[in-house]
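A closer look at the structure
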Amino acid sequence: MNRRDISAYESRSLNGVEVLTLPELSRHVTSLRIDLRTFLFFRNLRAVVEFDNGMVIGRAPLSA
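All of these numbers come straight from a predicted model, not from anything done at the bench.

Parameters and conventions
- Residues numbered from 1 in each chain as written.
- Predicted model: local features only at pLDDT ≥ 70, side-chain atom pairs only at ≥ 80, totals over all residues.
- Heavy atoms only, no water.
- Pairing = 2+ DSSP bridges.
- Helix = DSSP H or I, 4+ residues; strand = E, 2+ residues; numbered from the N terminus.
- Buried < 20%, exposed > 50% of the residue type's maximum accessible area, 1.4 Å probe, protein only.
- Salt bridge = Lys/Arg side-chain N within 4 Å of Asp/Glu carboxyl O.
- Contact = heavy atoms within 4.5 Å.

**Section: the sheet that holds strand 5 (residues 56-57)**
- Read across the open sheet, the three strands follow the order 3-4-5; overall the sheet is antiparallel. Looking at the sheet topology across the chains shown, the edges are occupied by strand 3 (29-39) and strand 5.
- Judged from the ten bridges that link them, strand 3 and strand 4 (residues 42-51) form a sheet pairing that is antiparallel. Directly across from Arg33, in strand 4, lies its bridge partner Val48.

Shown next as structure tokens:
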């Protein structure tokens with residue numbers, strides 16, 4: 001199995017989790033919230049992204 005080319009992405013580390021973002025996309029992000037929870041051996045990752053045009057992906061707007 002070949003590893004995917006991730007050279008176009010910016011890498012950030014958050015509590016031991018590597019977050020990859022495209023520079024073209026991150027330019028328009030006004031807020032990003034990442035919630036990582038662990039219960040027993042299950043991991044749950046949730047992200048909420050708000051863009052400069054007001055669009056929100058993940059759930060309700062963060063600035064409300």
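**Structural notes on the environment of Leu14**
- The topology assignment puts Leu14 in strand 1 (residues 10-14).
- What makes Leu14 partly exposed here is its relative accessible area of 39%.
- Sequence-wise, Leu14 and Val29 are 15 residues apart; in three dimensions their C-alpha atoms are separated by 17 Å.

**A look at the pattern of salt bridges**
- Going through the model one piece at a time under the given rule, you end up with two salt bridges.
- With a closest N to O distance of 3.9 Å, Glu10 and Arg12 form a salt bridge.
- The partner of Arg37 in a salt bridge is Asp35, and the shortest N-O contact between them spans 2.9 Å.
- According to the relative accessible area criterion, Arg37 is exposed, its value standing at 53%.

**What about the pairing of strand 2 (residues 17-21)?**
- Pairing of strand 1 with strand 2, which is carried by five bridges, proceeds in the antiparallel orientation. Across the sheet, the residue bridging to Leu14 is Val17, located in strand 2.
- Two successive antiparallel strands, strand 1 and strand 2, enclose a turn made up of two residues, where Asn15 displays a positive phi of approximately 50 degrees.

**Here we look at the environment of Ala47**
- Secondary-structure assignment places Ala47 in strand 4.
- The partly exposed category is assigned to Ala47, whose relative accessible area is 40%.
- Sequence separation between Ala47 and Ser31 is 16 residues; the distance between their C-alpha atoms is 10 Å.
- Leaving out residues up to four positions away in the same chain, Ala47 has contacts with Arg33, Ile34, Ile57 and Gly58.

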